[in-house]
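One-letter residues, chain by chain:
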Amino acid sequence: MSTASLNTYHNQPDESGRFGIHGGRFVAETLMPLILNVESAYKSACADKDFAAELAYYQKHYIGRPSPLYFADRLTSYFGGAKLYLKRDELNHTGAHKINNVIGQALLAKRMGKTKIIAETGAGQHGVATATACALFDMKCEVFMGAEDVERQRPNVERMRLLGAKIHPVTAGTGTLKDAMNEALRYWVTNAETHFYIIGTVAGPHPYPQMVRDFQSVIGTEAREQIIKAEGRLPDKIVACIGGGSNAMGLFYPFLDDKDVEIYGVEAAGKGIPSGLHAASLTGGQPGILHGNRTYLLQNDDGQITDAHSISAGLDYPGIGPEHSWLHDTGRVNYVSATDDEALVAFQLCARQEGIIPALEPSHALAYVSTMIGDMSADQIVILNMCGRGDKDLGAVLPMLDKLGRL
Amino acid sequence: MTGRIEKIFANAKAAGRGTLGVFVTAGDPNAATTPALLDALVGAGVDLIELGMPFSDPMADGPAIQAASLRALKGGMTLAGTLQIAADFRKRHPDTPLILMGYYNPIYIYGNDRFIADAVTAGVDGLIIVDLPPEEDTELCLPAKKAGLKFIRLVTPTSDETRLPAILEEASGFVYYVSVLGITGTKSAAGDSISAAYQQIRSQTDLPIVAGFGIRTSAQAAEAATLTDGAVVGSAVVDIIATNLSDTPQNGINNDIVQKVATFVCELTNAICK
Ligand SMILES: Cc1ncc(COP(=O)(O)O)c(C=O)c1O
């Protein structure tokens with residue numbers, strides 16, 4: 001027992017919010033009291049049965065959980081190797097895993113008496129989920145979104161507006177997720193006393209990485225029970241895409257101490273790692289400090305953050321959640337990558353083989369699966385986190401497929 | 001040995017006035033102009049200088065200082081370059097306190113120990129690192145203080161009585177009161193709120209207390225320097241740089257900017273010394 005607890009991967013973060021050397025609370029003093037407040041409110045919520053019951057209620061009746069663990073029969077035959085299961089979080093209300101976290105944080109905000117919410121968004125899924133929760137709980141919602149992402153994720157912008165959210169397009173920097181997060185933090189600094197910031201991934205200052213992981217862990221907890229029920233055993237490999245890393249942490253966390261389960265996080269390789277035009281912070285970055293935590297970042301020798309590139313707005317981020325950085329340092333999780341082109345192929349393959357149009361983000365995970373599952377044996381099992389549906393991406397994907405003559 | 005920072009506050013107090021600090025970003029509008037600007041600030045009578053270390057993602061800064069950082073980075077300014085500017089400044093100006101202000105990541109990548117050693121050698125007096133709250137003191141604050149650098153803390157409108165002791169515990173040099181809730185360069189502070197904050201902080205520390213963020217005019221600077229021990233002006237100076245960029249030579253000094261900043265800063269020092 002004592003050796004087991006020494007070897008657990010479930011003992012992070014420490015009191016100061018560290019995952020190994022990563023994480024922490026690197027924020028301006030203006031935000032410190034707020035973050036400490038969120039931390040103590042979250043601690044008290046975790047100890048409160050009513051909070052858990054309320055969260056469970058909304059997970060079941062509003063989000064539609066549990067999401068199915070679906071045996072992808074046709075993809076399995078197509079690849080001709082291990083059995084592939086899809087964790088269907090794209091079936092959640094609003095079409096992605098983001099709502100799992102948002103409902104949790106919105107309930108926390110409500111508990112803290114806050115009625116004004118800020119969020120950053122890349123693909124727009126987190127923005128839509130936040131706008132949705134704000135409509136549900138009658139809160140005011142302001143979403144910061146990079147100007148470039150406003151263009152490439154139009155349908156989500158329209159959905160947010162319909163739900164009553166105010167969109168702030170961010171033109172600073174490259175006009176993508178990193179800049180949206182800077183701007184959301186600035187806005188929070190300016191409106192610190194009245195607003196709650198719902199961060200959309202396992203990044204930011206402590207306690208956000210831990211809190212978002214906890215709210216997303218429902219994915220892995222369900223998947224673990226479902227696979228045992230379906231197959232009578234644990235999977236051989238589990239795979240998820242990584243932007244900030246919330247859907248991945250959600251799937252991975254309940255499996256971390258199952259040492260026979262191999263875990264793969266798939267970063268966006270954009271136009272290829274050697275091109276420098278990618279979003280693979282673990283593969284191509286080094287530890288640094290941004291957005292309130294230490295983690296692997298894309299940066300130059302002078303510590304200036306460099307731009308990320310990905311076809312997928314949700315993966316277009318130069319950092320990664322600090323717990324992933326720690327899992328990378330410890331070697332527990334294997335971090336790999338898939339390019340824009342590989343993701344496009346997987347996107348189309350999934351649509352044609354399974355009748356499921358995936359988001360571009362999990363298409364990266366499927367692209368990686370396609371490189372290794374064929375070499376596995378037929379009695380092995382792989383679970384892929386299908387964390388979002390692809391409707392939002394049609395505007396970007398269709399012209400590209402058309403150009404490649406693949407439609 | 002009394003440090004440069006202690007001296008200027010003692011001198012100003014003896015003269016019955018507050019101090020004036022001015023912020024500029026190293027490398028803005030270009031590397032050649034910064035030393036000339038710093039000389040002009042000293043010439044105009046500023047008491048202390050805050051030299052910004054440019055960063056790509058300045059979380060607590062408004063559009064003016066964000067743009068200044070980006071101009072500096074685009075022109076090739078680095079942390080090593082900023083330290084060189086500081087070292088050269090110290091040779092020309094033995095008495096004016098110079099404080100480096102910025103964000104942690106460039107320092108972390110440069111190497112904390114190496115940075116502290118080079119800053120001490122350059123004759124830097126203190127550091128303001130926006131994203132290093134007391135909770136993260138062990139990495140940079142404590143070793144920097146041990147090496148003789150002052151670690152200047154920001155106190156903000158959200159720092160209530162229960163938070164102040166944590167902020168002030170390792171504070172040194174002076175305390176920087178951020179007089180508005182928010183980022184640099186957006187709105188201006190009201191005199192009575194500065195005064196109330198000053199009293200509250202004063203009850204917990206003997207360090208000099210200066211007000212900054214949102215001080216744009218000589219009237220505001222004079223008021224803040226009366227209500228506290230000094231005023232810091234940043235975005236208003238950076239705005240002068242931003243609106244006079246047109247004739248910046250590739251590798252030379254933009255004298256127009258130097259002159260306009262000098263004129264503005266003279267107005268500030270005159271107002272404060274009155
Ligand atoms: C469907 C989907 N998957 C993944 C991501 C990436 O975020 P994370 O890595 O936090 O899961 C996003 C972000 O917008 C998304 O919309």
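Residues numbered from 1 in each chain as written. Chains lettered and ligands numbered in written order. Predicted model: local features only at pLDDT ≥ 70, side-chain atom pairs only at ≥ 80, totals over all residues. Heavy atoms only, no water.

Here's the deal with the side chain of A:His324
All names here are of chain A.
No. 1: With respect to the helices, strands and loops of the structure, His324 is situated in helix H14 (residues 322-330).
No. 2: Looking at His324, its side chain comes within polar contact range of the main-chain oxygen of Gly245, at 2.8 Å.
No. 3: Apart from the residues lying within four places of it in its own chain, the contact partners of His324 are Val202, Ile242, Gly244, Gly245, Ala248, Met249, Phe252, Leu282 and Tyr335. (Helix = DSSP H or I, 4+ residues; strand = E, 2+ residues; numbered from the N terminus. Polar contact = N/O pair within 3.5 Å; in protein donor to acceptor, adjacent residues only side chain to side chain. Contact = heavy atoms within 4.5 Å.)

So, the sheet that holds strand S8 (residues 195-197) of chain A
Residues and elements named next belong to chain A.
No. 1: Pairing in this open sheet of four strands is parallel, and the strands run S7-S6-S5-S8 from one edge to the other. Only two strands of the sheet have a single partner each, and these edge strands are strand S7 (166-170) and S8. Adjacent strand axes in the sheet meet at a mean angle of 25° when their direction is disregarded.
No. 2: Relative to S7, strand S6 (residues 140-146) is paired through five bridges, and the arrangement is parallel. Pairing of Val143 across the sheet is with Ile167, part of S7.
No. 3: Here helix H9 (residues 177-190) sits on the sheet and contacts strand S5 (116-121), S6, S7 and S8; the angle it forms with S5, its principal contact strand, is near 160°. (Pairing = 2+ DSSP bridges. Axes fitted to C-alpha atoms, helices over the stretch in contact; angles between N-to-C directions.)

Looking at helix H2 (residues 33-43) of chain B
Residue and element names in this part refer to chain B.
No. 1: For H2, the set of buried residues is Thr33, Thr34, Ala36, Leu37, Leu38, Ala40 and Leu41.
No. 2: At its buried positions, H2 is contacted by strand S1 (19-25), strand S2 (48-52), helix H4 (79-92), helix H11 (235-243) and helix H12 (255-273).
No. 3: Among the residues trailing H2, Gly45 stands out with phi positive, at a value near 95°. (Buried < 20%, exposed > 50% of the residue type's maximum accessible area, 1.4 Å probe, protein only.)

Comments concerning the interface of chain B and chain A
No. 1: Across the boundary between the two partners, chain B contributes 37 residues, which contact 37 residues of chain A.
No. 2: Between chain B and chain A, a total of about 2,900 Å² is buried, with carbon and sulfur atoms accounting for 54% of that surface.
No. 3: Interface area lost by chain B to chain A is led by B:Asp57, B:Met59 and B:Ile109, which between them contribute 22%.
No. 4: Applying the counting criterion to the chain B and chain A interface returns five salt bridges. (Buried area = accessible area lost by both parts, 1.4 Å probe. Salt bridge = Lys/Arg side-chain N within 4 Å of Asp/Glu carboxyl O.)

Details of a nonpolar patch on the surface
Residue and element names in this part refer to chain A.
No. 1: A cluster of nonpolar side chains, namely Ile357, Leu394, Leu398 and Leu407, defines an oily patch on the protein surface of about 330 Å² accessible area.
No. 2: Residue placement: Leu398 occurs in helix H17 (residues 394-403).
No. 3: Accessibility expressed as a relative area gives 38% for Leu398, which makes it partly exposed. (Patch = residues over 30% accessible without salt bridge, like charges linked within 9 Å, V, L, I, M, F, W, Y side chains within 5 Å. Areas by Shrake-Rupley, 256 points an atom, 1.4 Å probe, with all protein chains shown as cover.)

A look at the domain arrangement of chain A
All names here are of chain A.
No. 1: Structurally, chain A comprises domain 1 (18-59 + 98-212) and domain 2 (66-95 + 217-403).
No. 2: A C-alpha centroid distance of 22 Å is found between domain 1 and domain 2.
No. 3: Buried area between domain 1 and domain 2, summed over both chains or domains, comes out near 3,100 Å², and the portion from carbon and sulfur atoms is 58%.
No. 4: On the domain 1 side of the contact with domain 2, His22, Arg152 and Lys178 bury the most area, a combined 21% of that side's loss.
No. 5: Inspection of the region where domain 1 meets domain 2 yields twelve residue pairs in polar contact (both at pLDDT 80 or more).
No. 6: Taken together, the elements giving at least two residues each to the side of domain 1 that touches domain 2 come down to strand S1 (18-19), strand S2 (22-26), helix H5 (98-111), helix H6 (125-136), helix H7 (147-152), helix H8 (154-162), H9 and helix H10 (208-216).
No. 7: Considering only residue class, the side of domain 1 that touches domain 2 consists of 17 nonpolar, 17 polar and seven charged. (Domains from an automatic or database assignment. Nonpolar A, V, L, I, M, F, W, Y, C, P; charged D, E, K, R; others polar.)

Thoughts on the site of the ligand
Residues and elements named next belong to chain A.
No. 1: Around the ligand sit 18 residues, and of these Thr201, Gly243, Gly245, Ser246 and Asn247 come closest.
No. 2: Within the backbone of Gly243, an N or O atom sits 2.7 Å from an oxygen atom of the ligand.
No. 3: Look at the ligand: alone it shows 390 Å² of surface, and the protein chains cover 98% of it.
No. 4: In the shell around the ligand, the residues fall into six nonpolar, ten polar and two charged.
No. 5: Counting contributing residues per domain, the shell around the ligand is built from domain 1 (18-59 + 98-212) and domain 2 (66-95 + 217-403), each supplying no fewer than three. (Near = heavy atom within 4 Å.)

Concerning the packing of aromatic side chains
No. 1: Inspection of the entire model under this criterion finds 17 aromatic pairs over all chains.
No. 2: With 5.8 Å between their ring centres and 70° between their planes, A:Tyr42 and A:Phe215 make a pair best called edge-to-face. Of this pair, A:Tyr42 sits in helix H2 (residues 32-46) while A:Phe215 sits in helix H10; the two residues are 173 residues apart in sequence, bridging distant segments of the chain. The pair formed by A:Tyr42 and A:Phe215 is uniform in burial state, with each residue classed as buried.
No. 3: Members of the aromatic cluster, joined through ring pairs, are A:Phe26, B:Tyr104 and B:Tyr108. (Phe/Tyr/Trp six-rings, centres within 6.5 Å; stacked < 30°, edge-to-face > 60°.)

A short note on unusual backbone geometry
Most peptide bonds take the trans form, and the phi angle of most residues other than glycine is negative.
Residue and element names in this part refer to chain A.
No. 1: Put simply, Arg65 and Pro66 share a cis peptide bond, and its omega is -5°.
No. 2: Among the structural elements, Pro66 can be located in the loop between helix H3 (49-63) and strand S3 (69-71).
No. 3: With an omega dihedral of 15°, the bond running from His206 to Pro207 counts as a cis peptide bond.
No. 4: The backbone phi angle of Asp138 is positive, close to 55°, even though this residue is not glycine.

Overview of the packing of H5(A) against H10(A)
Residue and element names in this part refer to chain A.
No. 1: Closest axis-to-axis distance for the H5/H10 pair is 8 Å, and the angle between their directions is 115°. Of the two possible hands of crossing, H5 and H10 adopt the one that is right-handed. When H5 is examined against H10, the residues Lys98, Asn100, Asn101, Gly104, Gln105 and Leu108 are found in contact with a partner set consisting of Tyr208, Met211, Val212, Phe215 and Gln216.
No. 2: Looking at side-chain class alone, the contact of H5 with H10 contains five nonpolar, five polar and one charged residues. (Left-handed = near helix turned anticlockwise from the far one by under 90°.)

Comments concerning the nonpolar core
No. 1: Core analysis: the biggest nonpolar cluster contains 87 residues, and A:Ile103, A:Leu108, A:Trp188, A:Tyr197, B:Phe174 and B:Tyr176 have the highest contact counts within it.
No. 2: Taken together, domain 1 (18-59 + 98-212) and domain 2 (66-95 + 217-403) of chain A each give at least three residues to this core, which thus spans both.
No. 3: Apart from residues no more than four positions distant in its own chain, A:Tyr197 is found in contact with A:Gln105, A:Ile118, A:Ala119, A:Glu120, A:Met181, A:Ala184, A:Leu185, A:Trp188 and A:Tyr208.
No. 4: Formed by 61 residues, the second largest nonpolar core is a distinct cluster that contains B:Ala40, B:Leu41, B:Cys141 and B:Val258. (Core = buried A, V, L, I, M, F, W, Y, C linked by side-chain atoms within 4.5 Å.)

Observations concerning the sheet that holds strand S12 (residues 292-297) of chain A
All names here are of chain A.
No. 1: A sheet is described by the order of its strands in space; here four strands give the open sequence S1-S2-S12-S11, paired in antiparallel fashion. Each edge of the sheet is formed by a strand with only one pairing partner; in this case those strands are S1 and strand S11 (286-290).
No. 2: Pairing of S2 with S12, which is carried by two bridges, proceeds in the antiparallel orientation. From the neighbouring strand, Phe26 faces S12, where its bridge partner is Gly292.
No. 3: Packed on one face of the sheet, H14 meets S1, S2 and S12 and runs near 45° to S12.

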